[in-house]
Amino acid sequence: MESCISICLLSIFLFCHIVPFTHSFNSSFLPRCHDYERSALLQFKESFILEDTTLDGCYPRVESWKLVKGGRGDCCSWEGVECDEETNHVIGLDLTDSCLYGSINPNSTLFHLVHLHSLNLAYNNFNLSQIPSQVGLLSRLTHLNLSFSFLSGQIPHEIFNMSRLISLDLSRSAPGLKLHKPSFKDLVQHLTNLKVLHLSSMIISSKVPELLAKFSSLESLRLNGCGLQGEFPVGIFQLQNLKIVDLSDNPDLKGYLPPFQLKSALKSLILPRTNFVGELPFSIGSLAYLEELHISDCNFTGQIPYSFSNLSNLVYLDLSNNHFSFHSPIISSFSWVGNLTKITTLGLAGLNMKGEIPSWLMNLTQLSTVYLEFNQFTGPIPSTLAKLSRLKYLYLSNNLLSGPIPFQIYNMHELILSSNELQGSIPSNVSQLKNLEVLVLHSNNLVGSVELSTFLQLKKLRTLILSFNRLTLITKTSTNASIPKFEVLGLAFCNLTEFPRFLHNQDQLIFLDLSSNNIQEKIPSWMCSISTNSLDYLNLSHNHLTGFEKDPAILQWAKIRILDLRSNRLHGSFPLPPPSTSSYLISHNKLVGVVSALLCNLSALETLDLSFNNLSGRLPHCLGNFSDSLSSLDLRRNNFNGNIPSTWRTGCKVRMISIGYNQLQVQVPRSLANCSSLELIDFGNNHIIDSFPSWLGNLENLRILILRSNGFHGVIDKPQTKGFSNLRIIDLSHNSFTGKLPSLYFEIWDAMKVTNASHMTYMGDSMKPEQYHRFTYYGQYDYSMIMSNKGLELEYRKIPDILTAIDFSYNKFEGEIPDIIGHLQRLYLLNLSNNLLNGHIPSSLANLKELECLDLSRNMLSGKLPPELSKLTFLSSFNVSYNQLEGPIPRGKQFDTFESNQYEGNRGLCGVPLEKECENFEASPQERSNVVEDDDTGSVFKFKWMIVLIGYGTGFIFGVVVGHKITKKKHDWFVKSFGRKQQHRSQRVKRRRSRS
């Protein structure tokens, strides 16, 4: 009995202890996650393709998401998955950079995970799909990050269901998410608990809501590149918990910096390329936690507060390209920077700093990046920079630095020294810069021969630009040498005589410039096969190329945008550029034949220059269809015939159309009225028969109108509403216009009355695309024109903005020269010769103080020459021959330089330089200006170009000519009058400066 009781008690004991242990043991090995959430995760995984990890460097976390034997698995243990400790629901999903490719569909099982608190899908590729409205089902989310994930479209309203969100990051989902309906204001009104708001590169295009200034918990605000407008709410800067503000790349966003609170937590203030203005507050020096201050390319003014020296935690400082004022010398105004010893990045570019590179720079031993370009630094680059052992990126371009290049900075990664006055040769020890990736030395005074192999030893080198020095590049290399793969290569003006053979295996080039060399051969077939899937810019201009080794039907660079083959000896038929081309420049060659209609396949064409060839036939009908993209069209000096393109649509973007010296017919197409951006129209030397196109006067931007040598006829109508108000140059010569001179036009041509230019600029289009590779130089496409005067044909390959001219010669204008023409006080050339004009020469012409060329010859003008004309001190070309003038010729100044043939055919004229003396007249001699030796350093017309060619005339009209053809030469006269003219102008400029 007792034994039975003992057994019974033992059984009870074992049951009470073993069963709980067994339950505990089994439960510890049971899957924690819920079946439907496990299933949802697996289906979400299966809806994507995993991208190649070797290409993108991503890490596929979802590969660990697998079921164990028996069809079960603990999803809470999967990578990137977080579960609640008590409920075992999935509350966190982090799949950052997990190689996912595909769309997020509305029926995605992701939206079954309704217990999620945190969702991070950044750095994946969702194939430009939209954010489904079902995202609103995840209403428990507090953290949502979809940045860098290739999403598109409008943000759905349902995102406002996530009222618990404290962190929202939708940044940089190229090509851009939109926040229009709902708007930015709607988002701020619904998500009021946000601490982190990152919307960089979203398409917002609105004001920043004032309500955001009341988000007392806000810590980080990134809104760069959102198209923001209006005034930025200044109260946001004063939020107590705010640590990061990034508003960069919003050029229409206005604002200013207020006084900062003493206890501000601000760490990063990033405002470059915005329209922030005003002075920097002194209190900025009290931002004790500030580590990054980036305010470049804004419109800040005033002096930089010395309190900046208190910012001892600054690591990044960039003040570049603002409008600060400084005490002299400027360089000492920045001495406080030398106290900020934690700085790793320093930007002081474009601040007009002068003197030598400051010595306090050597105090910043942590420096890795220095931006000092676009200043006026002089002297040598200090060799002591080599002591900055962490320095990797040095940008000193566009200064006045001289001396040799210090290549002892051996840790350098990027060295940018272009556009200075550096001298000497390139030392061979450049090959010791083993970490060098970028070397830009163009536009200096470097000389000597340099072996290409010196650079090819730098295995990390991707950008090399040696253009526009006086170097001779020796390109012979060992065929067995391992050659770096270049992306940017500039070898212009390097005395090359053949295509460098090392290019043969270059398949990653984006930018290649071999222009201005002496390459005398056909373009080899292998050259047309390099970098066919990457090349964006190719410049082979100004060589002696004769054609292609094998004529391609279409050039094969699939991504090229700019192709420049100008000024060679290319002959044969017209080579078709690839469809991707936006700028095709092939002028000044020997091409023949017709232009293929396949040119119409260039859907993004912006600049087309076929001028100075021997092309013929009709123009492709589609040229007018390029209205949406085409900006510059130059077809001069060919043999085109037929009609002018006439399908210019509303919204046309053309700024320049030049089709002179062809055989084009019919009338000026009325559809050009749709091209409101037009600045230059040149239809000269064709077979156009039409009346004066007064309707072009409504083009407010039109500056140059050339209709020379056509069949234009009739009276010039009264101006319409605008009447060419911005016109600077008009050439109607060699036509059949009749009636009186258009005095009503003279009255409203305001651009010929005043000029606001303080320095020389030139008409043209920038060839730099909206997106371009770093360190490339695209330059400007300069407008050009041809003007005829006094037996000269002058090609202006650059047109100064302030050049003004009227040429109405060789027509049938009659009547008197109106006095109102004397109001055009900035006129440089006036040619009314070979008409039927009569009456007196108005004395008001003496008001044309800038006038250099005046031709009134071969009319029926009578009376005396106004003595006031002797006040025209810049007048260098003057002709009144074959009229009916009488009386004495004015004396003094420029009139003492003119020859007798400029007065012949006027029987009544007398006095020097004619042999006929004036009876009963005593000339009142005018004192000639004392001629002073002068180097013209004060002239606003001083040029930096390499070539300024002389012409038959003198002064500005002829001095700016880059190309010219002279039909007769008068060298002695030129030397005599041109020298005097330049001295007069120089003295005048100096007098103006002394008065100011």
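Structure report, in brief. Every value quoted in this text rests on a predicted model; they were computed, and no experiment measured them. (Residues numbered from 1 in each chain as written. Predicted model: local features only at pLDDT ≥ 70, side-chain atom pairs only at ≥ 80, totals over all residues. Heavy atoms only, no water.)

### Considerations on the overall build of the protein chain
Condition: Working definition: helices are DSSP H or I runs of at least four residues, strands are E runs of at least two. Numbering for both runs from the N terminus. What makes two residues a contact is simply this: any of their non-hydrogen atoms within 4.5 Å. We get accessible surface area from the Shrake-Rupley algorithm with a probe of 1.4 Å; when it comes to residues, only the shown protein chains can shield them.
A count of helical and extended segments in the protein chain gives eight helices and 65 strands. Considering only residue pairs separated by 6 or more positions, the protein chain has 56% of its internal contacts joining residues 24 or more positions apart. As presented, the protein chain carries roughly 43600 Å² of accessible surface, and 50% of it is formed by carbon and sulfur atoms.

### Considerations on the sheet that holds strand 26 (residues 400–403)
The following threshold applies: DSSP-based pairing: two strands are paired if at least 2 bridges between them are found.
Spatial strand order, 22-24-26-28: four strands in an open sheet with parallel pairing. The sheet is open, and its two borders are formed by strand 22 (354–355) and strand 28 (421–422), each paired with just one other strand. Across two bridges, strand 22 lies against strand 24 (residues 376–379) in parallel orientation. Across the sheet, Gly 355 pairs through a bridge with Phe 377, a residue of strand 24.

### Quick notes on the state of the cysteines
For the record, the criterion: By convention in this document, the label disulfide applies to cysteine sulfur atom pairs within 2.5 Å.
Going through the model one piece at a time under the given rule, you end up with six disulfides. In this model, Cys 600 is linked to Cys 622 through a disulfide, with the two sulfur atoms separated by 2.0 Å. Taking the sign of the S-S torsion, about -90° here, the bridge from Cys 600 to Cys 622 comes out left-handed. One end of the pair, Cys 600, is in the loop between strand 39 (590–593) and strand 40 (607–609); the other, Cys 622, is in the loop between strand 41 (614–618) and strand 42 (632–634), with 22 residues separating them in the sequence. Shown here is the disulfide that connects Cys 910 with Cys 918, its sulfur atoms set 1.9 Å apart.

### Things to note about the environment of Phe 737
Assignment of secondary structure puts Phe 737 in strand 51 (residues 736–740). Expressed as a C-alpha distance, the spacing of Phe 737 and Ile 716, which sit 21 residues apart in the sequence, is 7.2 Å. Excluding residues that lie within four positions of it along the chain, Phe 737 makes contacts with Phe 692, Phe 712, His 713, Gly 714, Ile 716, Leu 732, Asn 811, Lys 812 and Phe 813.

### Section: the nonpolar core
To be explicit about the condition: Residues enter a nonpolar core if they are buried and are Ala, Val, Leu, Ile, Met, Phe, Trp, Tyr or Cys, with the set joined through side-chain atoms within 4.5 Å. Under the scheme applied here, a residue whose accessible area is under 20% of the maximum for its type counts as buried, over 50% as exposed, and between as partly exposed, the area being computed with a 1.4 Å probe on protein chains only.
Membership of the largest hydrophobic core comes to 246 residues, with the highest contact counts inside it found for Phe 184, Leu 319 and Trp 749. Every residue in contact with Phe 184, bar those within four places of it in the chain, is listed here: Leu 179, Leu 197, Leu 199, Ile 204, Ser 206, Lys 207, Val 208, Pro 209, Leu 212, Leu 223 and Leu 228. Within the second largest apolar cluster, 35 residues are counted, among which are Val 440, Tyr 537, Met 767 and Tyr 783.

### Some thoughts on the side chain of Glu 679
Positionally, Glu 679 belongs in the loop between strand 45 (663–665) and strand 46 (680–682). You can call Glu 679 buried: its relative accessible area is 10%. Aside from chain neighbours lying at most four places away, what touches Glu 679 is Arg 655, Asn 701, Leu 702, Arg 703, Ile 704, Met 763 and Tyr 783.

### Overview of helix 2 (residues 35–46)
Defined as follows: In this scheme, a helix's expected span is set at 1.5 Å multiplied by one less than its residue total.
Relative to the 16 Å expected for 12 residues at 1.5 Å per residue, helix 2 spans 17 Å between its end C-alpha atoms, a close match to the ideal helical length. For helix 2, the set of buried residues is Glu 37, Arg 38, Ala 40, Leu 41, Leu 42, Phe 44 and Lys 45. Buried positions along helix 2 lie against strand 2 (81–83) and strand 3 (90–94).

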